[in-house]
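Letter by letter, the chains look like this.
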Amino acid sequence: MKTRREIIRIILTGGGSAGHVTPLLAIAEALSEANPTIEYLFVGVRQGMETQVVPRKGIKLRYACSRGMPERVFSYEMLRFLVILFFGIANALRILLSFRPKIIIASGGFSSAPSVFAAAVLKILSIGWWRIPVYIHEQNATPGRMNRFAARMASHIGVSHSTALSFFPSSKTKVVGYPVRVSFIKPDRQKARTQLQLSPEDEYLVVFGGSQGARTINRGIIDALPFLANRPRLHIFHACGTMSGIEYNALEDCRARLQTLPNQPTNYKIVEYAHDLPIHLAAADLVVIRAGAGSLLEICAAGLPAIVIPKANLPGDSQVANARELEKSQAIELFFEEPQWGEEGLIEAVSGEALAASIVNLLDNPQRRATLAEAAKRNGDLYAAQRIAQEVLRLIKKDISQTNIVPLPEPITNSSRYLNTLPTTPIALRRTVENLLNVRWEAAFDHGMIEAEELKLLPDLSYIRYRGAALLVNDNWKNRNEGVKILGLTRHHSKLDLLLKMLTDRTPASPLQRRLGGDFFQVGFIRRNIISALAFLGIWDERVQAAILFALKDPYYEVRSAALRLLRNKADLKCRETLVSAIRHCIADKNLEVKSEALHTFGYYGSPEDVLDAGHAYLLDFRVIVRIGLLRSWQALLSRERVMNDVMYEKLVEEMNSFLLPSVSVQPYFPLKEQYSRIHSMLLNREGS
Amino acid sequence: MIAELASFLMSQGEPYGFLRVLLYISVRGIGAAMTTLLIMLIFSPIIIRKLYRSGFRDQQRDFDLHLAKSKQGTPTMGGIIVVGAVCICMIFWGDLSNHYLWLICSAFLFFAWLGFIDDRAKLRGGEADAGLSRKMKLILQTVYGLAFGLFLFYPATTPFPINISDTIGIPFLKPAAHGGFDLHLSWLYVVFVAFVIVAVSNAVNLIDGLDGLAAGSSLPPLLVYSVLAYILGNVKLSGYLLYPSLPEVHELVVFVAALAGALVGFLWFNGYPAQVFMGDTGSLSLGGVMAALILLTKQEFLFIIAGGLFLYVNITHVIGDRIGLNYLGRRIFYRTPIHHAYEHLGFAETKVVLRFWIVAQVLALLALATLKLR
């Protein structure tokens, strides 16, 4: 019997979400395969997924309190965070000293912080003449804050993607891939299907959106149920996730939605979390998942055809990047969530009908499913766990003679190309698009419709458009604003209805904002920019006209002013009488900018009698901007051919004579600048000719 | 220097007695003003040329299509010339043994340096938003403000008479020395000083947006405070007008006069169309001087009237920018800073500048009118 000394003890730490827990379990499996006598201890937080998952695997679980690091440095939350972390480190120290592990394996996230820091503390204090090495595994292409900070304390770091390499010191980092549990890698389809009592002709669809669930997928699949009802052989397994917050409670929301369906579905099972997920996956014909690093790679390892719905608006847009990478190698079917107008306003959603169509398409096409599965398998990395196990054992200087020393295949370094070409922050993305198109947003009305040739200048147009649409759902108005601009710049026709709905949406802003002078949730700048976007989109049909009519009565002056400016871009179109009278009505507006723009626009739309009549009141107006508008209305009138007749011309001259103009001299005269400018243009002409 | 020279020569004997004239504050003040004016007029062309050639040109923020284009390329950092002229003049005309002079010079130079770093960073960055971050600027200004406050507070270093060293000037209230009431703040005074310095030093920065606006609008408040300094420094006058007597503060008259002369000389070139801008160097240093001025003469609240124009611009900017543009997502004023709003409404730039000058002058006269109201 081995003494306590000879048994290797390893601490696994990480958690919060299952995405941090499952890789550790996979590593533990691989390690136990190499050395069956290893004893494990899992250190996690009480509120994490580990409480549900780890004990079922037969691993001991202890807790060290910890919490996520808040964003703002000088805040009450930061203070609370530091205090909790302090106690967490104390907990972890106690655990370390009693358990005396040979190594700590951390998967990142705040759950692993206490143990990692405790090990660092021991190292600094050099207590017990033994150092506990720390092995960190990073699952994402863009490493989280915890791992980035803890890297300096780690003995070795393993990353899943080669893009993450740049974040860590190269001397101790290696690409190892993402470890997947054995039950995923070698699924026994027959056994699983028998266990679930499925017959060979049955179609098994597994839907899950991560351990915490995904509202979009949950709602989407339930909405899709009516369209899938005519398939008697279809069995659906839906793991809706454990999220139970104030805003969204997964199970309740799903149940409520199920009630509203016309017929209750048969062959449909819904659970919160599937502990035996590998069995379901083994038996599955098709899955619908999110694009989290873990889920994707588990699917790839298992070689399953999948419909992937990435979560939009994540920092760095990581899920979309991961997913597109796989789509490029034809390993998955990509399905984007779109902003839609729901009960809570604008949210990301998936159309049930479209999803059903996609599912049916794949179920009816076993050939395509096979292709997807093969490509997925090729993309999957089956040996990551063993690679990590080898590394860990090397770190604790143990003999690895029991395992196959056959060199493991090199990890697939799928460097995500998309992560590096386009900036991910909304403002930077918009500025990049502006630079590529050589257009400035403020010049929207002058520029007019974006031409097809211009759009060709943009790389990856569909992604930029998707990004713009996704931004419309953001909480921060500044990001929504950038989303509107991007949609305008990329001339995304299909989002026109959404934009018009946002323009006319009257959901009020928060009470504090309203007290300070704000009006609606879609703030003034957003509404104004939507109208500018309409200029770029160049569409002018009934619904746009109706929206503009509505905008002419908007409480915010810049919206009215922009609407009037937009109308000038389309002055040649026949408009409804209501529109023309609405423009005339704006001339009486109290706001001077709107008044001026209204006069100018009316000059393009009204009959000469009306234009001269409307402007008559302002001939002697003392305010400069109003008189400028009046003059522009006359200029507009004169520019319209065949509209003026002699009588009107005489009337115009008469009006001009009554116009208030202090002196005739038009401009200040700068001989120096004028001469310079003249020479400049002469040189330009010469170059041109 | 002139003062020392004059008193030295006078001690030599009778023939030099007429030099007593040079010791009078008014004479030294006007002399200083003339000197700086001459320096500006003579040396500015050369320095402007140099600035232009060295590439110190204005980088415009490019959101407003119409305004931005026309001013790009004008040499900036003209504040250096102003600072240089005033310093040279002070060495010559100033009484270097006076503590007030050193205090106000320190404020002048510190903020000039702050503005200089900001300007240089903007030039290197190539756009209007580079330069010291707002937070960094605020921290530096607060630190300086606290140091200044401590200096004014401790009896060992304060130039004020010790019994009133921590009072602030309440308008219309007679000080204790003349039968009224003094508000003592003790250590809160340091915080108050820091607050005033941070608040006022940014005042001029914002108004520097049109040709001749900053320089022309700062002249009236500066002159008001120089009059005050003259009164406060003169025992008889301050007693007559019921102001607390601050001996030695009259030296500030010379400084402000020099600064005024330099500003007039600067306006010679800065008027529309401008040949040079003062940049952050100039506007921050002007703001710093004003802050120090109102603190050293202990008439802080008079600035609400005398510097009312600056308050107007700054308050509308805070409301329009912080609340409007950033929080509410809509404009509250047509444009901020408010002088751009008037331009947006169609007023010519020169008209806006002139009207602002008129307002500044009227407010200054109003402030002076309150002198007798005690």
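No experiment lies behind these values; they were computed from the predicted model shown.

Draft legend 1. Local environment of the overall build of chain B. On a plain count of helices and strands, chain B comes out with 16 helices and zero strands. The C-alpha atoms of chain B give 21 Å as radius of gyration, which agrees with the globular expectation for 374 residues (21 Å, within 12%). Along the longest, intermediate and shortest principal axes, the C-alpha atoms of chain B span 65 × 45 × 35 Å. Looking at chain B as a whole, 53% of its 374 residues are labelled buried. Put simply, 73% of the contacts in chain B that link residues at least 6 apart link residues at least 24 apart. When the accessible surface of chain B is totalled, it reaches about 16,500 Å², and 69% of it is carbon and sulfur. In chain B, the 26 positive side-chain charges and the 21 negative ones have mean positions that sit 4 Å from each other.

Draft legend 2. Spatial organisation of the overall build of chain A. Helix and strand content of chain A: 32 helices and 15 strands. Judged by the C-alpha coordinates and their principal axes, chain A covers about 115 × 65 × 60 Å. Out of the 689 residues in chain A, the part that is buried amounts to 55%. Pairs at least 24 apart in sequence give 68% of the contacts found in chain A among residues at least 6 apart. Accessible surface, chain A: about 32,900 Å² in total, of which carbon and sulfur atoms supply 55%.

Draft legend 3. Main features of helix α25 (residues 542-551) of chain A. The set of residues buried in α25(A) consists of Val544(A), Gln545(A), Ala547(A), Ile548(A), Leu549(A) and Ala551(A). Considering only its buried residues, α25(A) is in contact with α22 (496-504), α24 (524-537), α26 (557-569) and α27 (577-587) of chain A.

Draft legend 4. Expanded view of the nonpolar core. Ranked by internal contacts, the top residues of the largest apolar core, which has 188 residues, are Ile531(A), Ile548(A), Leu552(A), Phe148(B), Tyr189(B), Leu222(B) and Phe255(B). Among the elements that line this core, the one with the most residues is helix α11 (residues 251-270) of chain B, at 13 residues. Taken domain by domain, this core gets at least three of its residues from each of domain 2 (183-379) and domain 3 (422-570) of chain A. Discounting chain neighbours no more than four positions away, the residues touching Ile548(A) are Ile531(A), Leu534(A), Trp540(A), Ala563(A), Leu566(A) and Leu567(A).

Draft legend 5. Broad picture of the side chain of Arg324(A). Residues and elements named next belong to chain A. Here Arg-324 lies in helix α12 (residues 318-328). Here Arg-324 falls in the buried class, since its relative accessible area comes to 9%. Looking at Arg-324, its side chain comes within polar contact range of the side chain of Asp-460, at 3.0 Å.

Draft legend 6. Just the pairing of strand β2 (residues 39-44) of chain A, in detail. Residues and elements named next belong to chain A. Burial runs high along β2: five of the six residues are buried. Both strand β1 (residues 9-13) and β2 contribute to a ladder of five bridges, which runs parallel. Following the sheet pairing, Arg-9 is matched in β2 by Glu-39. Remark: the β1/helix α1 (residues 18-34)/β2 crossover connection has right-handed handedness. Sheet topology note: the β2/strand β3 (residues 60-63) ladder contains four bridges and is parallel. Bridge assignment links Gly-44 to a residue of β3, and that residue is Tyr-63.

Draft legend 7. Structural detail: the domain arrangement of chain A. All names here are of chain A. On domain assignment, one finds that chain A holds domain 1 (8-180 + 384-402), domain 2 (183-379) and domain 3 (422-570). Facing the 15 residues of domain 2 at the interface are 18 residues of domain 3. Carbon and sulfur atoms make up 59% of the surface buried where domain 2 meets domain 3, a total of about 1,400 Å² over both sides. Looking only at domain 2, the three residues that lose the most surface to domain 3 are Asn-313, Trp-341 and Leu-346, adding up to 42% of its buried area. Our count for the contact surface shared by domain 2 and domain 3 stands at two salt bridges. Among the salt bridges present, the one from Arg-324 reaches Asp-460, with a minimum N-O distance of 3.0 Å.

Draft legend 8. How the structure looks around helix α29 (residues 608-616) of chain A. Residues and elements named next belong to chain A. Residues Pro-608, Val-611, Leu-612, Ala-614 and Gly-615 constitute the buried set of α29. Burial along α29 is one-sided: seen end-on, the buried residues are contained in an arc of 165 degrees. Looking at the buried side of α29, the elements it contacts are α27, α28 (592-605), α30 (624-639) and α31 (646-658).

Draft legend 9. Focus on the interface of chain A and chain B. Between chain A and chain B, the contact holds 25 residues from the first and 20 residues from the second. Counting each side, the surface lost to burial between chain A and chain B is near 2,000 Å², with a carbon and sulfur contribution of 57%. Contact with chain B buries area across many residues of chain A, yet Arg440(A), Leu516(A) and Phe525(A) alone supply 21% of it, more than any other trio. With a closest N to O distance of 3.7 Å, Asp519(A) and Arg330(B) form a salt bridge. At the boundary of chain A with chain B, the tally comes to 13 residue pairs in polar contact (both at pLDDT 80 or more).

Draft legend 10. Spotlight on the sheet that holds β2(A). All names here are of chain A. The seven strands are arranged β3-β2-β1-β4-β5-β6-β7 in an open sheet whose pairing can be described as parallel. One side of each edge strand has no neighbouring strand; the edge strands of this open sheet are β3 and β7 (173-175). Here the average twist between neighbouring strands, direction ignored, is 25 degrees. The pairing of β1 with strand β4 (residues 103-106) spans four bridges and is parallel. The residue bridging Ile-10 from the neighbouring strand is Ile-103, located in β4. Most of the contacts of helix α4 (residues 113-125) go to β4, to which it runs at about 145 degrees, and overall it touches β1, β2, β4 and β5 (134-138). Where helix α15 (residues 384-395) meets the sheet, its contacts fall on β1, β4, β5, β6 (156-159) and β7, and the angle it forms with β5 comes to roughly 160 degrees.

Draft legend 11. Up close: the pattern of salt bridges. All names here are of chain A. Counted under the stated rule, the structure contains 37 salt bridges over all chains. Lys-174 is the salt-bridge partner of Glu-391, the closest N and O atoms lying 3.2 Å from each other. With Glu-391 in helix α15 and Lys-174 in strand β7, this pair connects stretches of sequence that are 217 residues apart. The shortest N-O distance in the salt bridge between Asp-541 and Arg-543 comes to 3.1 Å. Overall, Asp-541 belongs to the partly exposed group, its relative accessible area being 26%.

Draft legend 12. The sheet that holds strand β11 (residues 286-289) of chain A, seen in detail. Residue and element names in this part refer to chain A. The six strands lie next to each other as β10-β9-β8-β11-β12-β13, forming an open sheet whose pairing is parallel. In the strand order of this sheet, the two ends are held by β10 (268-271) and β13 (333-334), each with one partner. For strand β12 (residues 306-308) and β13, the ladder comprises two bridges, and the chain directions are parallel. Bridged to Ile-307 within β13 is Glu-333. Sitting on the sheet, helix α8 (residues 215-228) touches β8 (203-208), β9 (234-239), β10 and β11, and the angle it makes with β9 is about 165 degrees.

Basis of the calculations
- Starting from 1, residues in each chain are numbered consecutively following that chain's sequence as written.
- Here every chain gets a letter starting at A, and every ligand a number starting at 1, in the order they are written.
- At least 70 in pLDDT is required for a residue's local features to be given in this predicted model, at least 80 for side-chain atom pairs to be given and counted, and no such filter applies to totals for whole chains, interfaces and linings, which use all residues.
- Side-chain figures throughout are based on the complete set of non-hydrogen atoms in the structure, without hydrogens or water.
- Secondary structure elements follow DSSP: runs of H or I no shorter than four residues count as helices, runs of E no shorter than two count as strands, and numbering proceeds from the N terminus.
- Both definitions apply: the radius of gyration is a C-alpha atom measure, and the globule rule equals 2.2 Å times residues to the power 0.38.
- Using a 1.4 Å probe on the protein chains alone, a residue whose accessible area is under 20% of its type maximum counts as buried, one over 50% counts as exposed, and one in between counts as partly exposed.
- Working rule for contacts: check all heavy atoms of both residues, and any pair within 4.5 Å makes them a contact.
- For the area figures, the Shrake-Rupley method with a 1.4 Å probe applies, and any residue is considered shielded solely by the protein chains shown.
- The charged-residue count follows a simple rule in which Lys and Arg add positive charge and Asp and Glu add negative charge, with His and chain termini not counted at all.
- A charged residue contributes its charge at one atom only: NZ of Lys, CZ of Arg, CG of Asp or CD of Glu.
- By convention a nonpolar core is built from buried Ala, Val, Leu, Ile, Met, Phe, Trp, Tyr and Cys residues, the set being connected through side-chain atoms within 4.5 Å.
- Here the limits of each domain have been adopted from an automatic or database domain assignment.
- Definition of a polar contact: a pair of N or O atoms within 3.5 Å, with one able to donate and the other able to accept a hydrogen when the atoms are protein atoms, and with sequence-neighbouring residues admitted only if both atoms are side-chain atoms.
- In this description, strands pair whenever DSSP reports at least two bridges between them.
- Look down the strands so they point away from you; if the path from the first strand over the helix to the second goes clockwise, the crossover is right-handed.
- Two parts placed together each lose some accessible area; with a 1.4 Å probe, that loss summed over both constitutes the buried area.
- The working definition used for a salt bridge is a side-chain nitrogen of Lys or Arg within 4 Å of a carboxyl oxygen of Asp or Glu.
- When we speak of the arc, we mean the arc of directions from the helix axis to the C-beta atoms.
- The convention used is that axes are lines fitted to C-alpha atoms, helices contributing only their stretch in contact, and that angles between N-to-C directions extend from 0 to 180 degrees.

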